[in-house]
Amino acid sequence: AKLEPKNAEIYLLTGDAYLENNNDGSNAIKNYEKAAEIDKSSVQAILRMGQLYGRARNYNLALDYYKRAALIDSSFAPAYREQGELYYMAKQYNVAKAKYKRFLELSSNNLDARTRYASFLFLSKEYANAITEIIEIQKLDTSSNILNRLLAYSYYETGDFANGLSKSKTFFNRATNEKTKVLAQDYEYNGKLLIKTGNDSIGIEKLNKAIDMDTAKADLYSEIASSYMKQKKYALAISNYQKKITLGKPNANDYFGMGRAYYFSKDFVNADSAFAQIIKSNPTLPLGYLWRAKSNTQLDASNEKGLAKPYYEQFVSMVKPEELEKNKKDLIEAYSYLGFQAMKLKDTSTAKQHWQKVLELE
């Protein structure tokens, strides 16, 4: 620096040395600022300052420096990479993807960068594009097992369960040999893929493994319960819906699933209670009223009390004209019940109206 006081590169290297020596950010930034002062077009100095502020978790200021570097030299690839990483941390995946795409264009399709870009495509829910990109990368280099993970995930999301399961198996086989860290999400997708391809028992094991690794994945109890419903193992379905409701944030689908499990177990009292929760959480959903009506029909098998009447009435009033065909079977059931109840009360006029609706539908 004494010999060449106007050499910006010297101050860049001095700043780097301070960072390496006890992480001395204060002296590092002084040298980076000196380099930028000497050479106003030094994108490296501006990038270094951005990286330093990023390390200090001052992400907004870091982003400002990266943008400045890109403005000075629009072909400076690292500025776009760093922006992409910051936007990724902020979960702005579409912006992160765009920045990384620009980085790729400027860095001769660096394989590590392409792998990162593929992950951004997945996170942006561009699953088909992620698959295409990963397949192209693997034509050049198959060393990254992370790509098999992303392929398994992406195939699941596009409904290609056979290929998804194949890639998931490849990932797990290599993870064992290469000591790759296995995530709860890996077991989650593996379990879902197994269930989708008819391997429910093993799939359920994998989903439980995912929950054991990450208790925040309580939503998976719904997946497990749904699988048990498919197998007509209603008691196990109920048990898992109860776990989801206790541990997670239950939604109308959870109560609907649990209600149906109780209903098919002929426990109509608990079925009615579960369907009542649907109405409580989503009073504009006709489904809750329909299934409360079905449950109360079973609770009042002789039709003496007319327990189902208010729920069938609510159901038919909520079905929109454009939804008649979709709900035809259930509407016939509802109007038939209501027509029968009106006949019992000798309300001939109302009874005829209900039976006329049945004839119009069928």
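Residues numbered from 1 in each chain as written. Predicted model: local features only at pLDDT ≥ 70, side-chain atom pairs only at ≥ 80, totals over all residues. Heavy atoms only, no water.

Q: Would you mind showing me how to read empty space enclosed by the protein here?
A: Over the atoms rolls a probe the size of a water molecule, and its path tells where empty space is left. Within this structure, the stated rule accounts for one cavity of 30 Å³ or more. Estimates place the volume of the largest cavity at around 40 Å³. Only helix H9 (145-157), helix H10 (161-178) and helix H11 (184-196) provide two or more residues apiece to the lining of the largest cavity. Classifying every residue of the lining of the largest cavity by side-chain character gives four nonpolar, two polar and two charged. (1 Å grid on protein atoms, 1.4 Å probe; cavity = no way out; pocket = protein on both sides within 12 Å on 5 of 7 lines; lining within 4 Å. Points joined across faces, edges and corners; volume = space filled by probe spheres on them. Helix = DSSP H or I, 4+ residues; strand = E, 2+ residues; numbered from the N terminus. Nonpolar A, V, L, I, M, F, W, Y, C, P; charged D, E, K, R; others polar.)

Q: In this structure, what is going on with the nonpolar core? I would like to understand it.
A: Nonpolar side chains tend toward joint burial in soluble globular proteins. Judged by nonpolar contacts, the single largest core of 53 residues is most densely connected at Ile224, Met258, Tyr312, Phe315, Val316 and Leu331. Per-element tally for this core: the top contributor is helix H15 (residues 252-264), with seven residues. If near-sequence neighbours (up to four positions away) are discounted, Ile224 is found in contact with Ile204, Leu207, Asn208, Ile211 and Asn240. Within the second largest apolar cluster, 52 residues are counted, among which are Leu19, Tyr100, Phe122 and Leu165. (Core = buried A, V, L, I, M, F, W, Y, C linked by side-chain atoms within 4.5 Å. Buried < 20%, exposed > 50% of the residue type's maximum accessible area, 1.4 Å probe, protein only. Contact = heavy atoms within 4.5 Å.)

Q: Would you mind showing me how to read helix H17 (residues 286-299) here?
A: Helix length check: H17 (14 residues) gives 20 Å between terminal C-alpha atoms against 20 Å at 1.5 Å per residue, within 8%. Here H17 lies mainly inside the structure; ten of its 14 residues are buried. When we look at burial in H17, the residues that qualify are Pro286, Gly288, Tyr289, Leu290, Trp291, Arg292, Ala293, Lys294, Ser295 and Asn296. Its buried side turned inward, H17 meets H15, helix H16 (268-281), helix H18 (309-318) and helix H19 (328-344). (Expected span 1.5 Å × (residues − 1).)

Q: Just checking my understanding: could you explain the packing of aromatic side chains for this structure?
A: Here a ring pair, both rings aromatic, is described through the centre-centre distance and the interplanar angle of the planes. Tallied over the entire structure, the rule returns 21 aromatic pairs. Geometrically, the ring pair formed by Tyr263 and Phe268 is edge-to-face, given 5.3 Å between the ring centres and 70 degrees between the ring planes. Site record: aromatic cluster; members linked through ring pairs are Tyr234, Phe256, Tyr263, Phe264, Phe268, Phe275 and Trp291. The ring of Tyr80 carries Arg102 above its face, with NZ or CZ at 5.7 Å from the centroid. (Phe/Tyr/Trp six-rings, centres within 6.5 Å; stacked < 30°, edge-to-face > 60°. Lys NZ or Arg CZ within 6 Å of the ring centre and 35° of its normal.)

Q: Explain H15 to me, please; I cannot follow it from the model alone.
A: Helical periodicity: at 3.6 residues per turn, an α-helix aligns residues three or four positions apart in one direction. In a regular helix each residue adds 1.5 Å, so 13 residues correspond to 18 Å; H15 covers 18 Å between its end C-alpha atoms and thus fits that length. Extensive coverage of H15 is indicated by the burial of ten of its 13 residues. For H15, the full list of buried residues reads Ala252, Asp254, Tyr255, Phe256, Gly257, Met258, Gly259, Ala261, Tyr262 and Tyr263. Residues of H15 that are buried make contact with helix H13 (220-230), helix H14 (234-247), H16 and H17.

Q: Would you mind showing me how to read a nonpolar patch on the surface here?
A: A cluster of nonpolar side chains, namely Val269, Leu299 and Leu307, defines an oily patch on the protein surface of about 230 Å² accessible area. Here Leu299 is to be found in helix H17. Relative accessible area serves as the criterion here: at 37%, Leu299 is assigned to the partly exposed category. (Patch = residues over 30% accessible without salt bridge, like charges linked within 9 Å, V, L, I, M, F, W, Y side chains within 5 Å. Areas by Shrake-Rupley, 256 points an atom, 1.4 Å probe, with all protein chains shown as cover. Salt bridge = Lys/Arg side-chain N within 4 Å of Asp/Glu carboxyl O.)

Q: Just checking my understanding: could you explain unusual backbone geometry for this structure?
A: Note: most peptide bonds trans; most residues except glycine with negative phi. In this structure, Arg57 takes a positive phi of about 65 degrees despite not being glycine. Relative to the assigned elements, Arg57 resides in the loop between helix H3 (43-55) and helix H4 (59-72). For Arg57, a relative accessible area of 67% corresponds to the exposed category. In this structure, Lys266 takes a positive phi of about 65 degrees despite not being glycine. Among the secondary structure elements, Lys266 is positioned in the loop between H15 and H16. Its relative accessible area of 66% is what places Lys266 among the exposed residues.

Geometry only, nothing functional implied.
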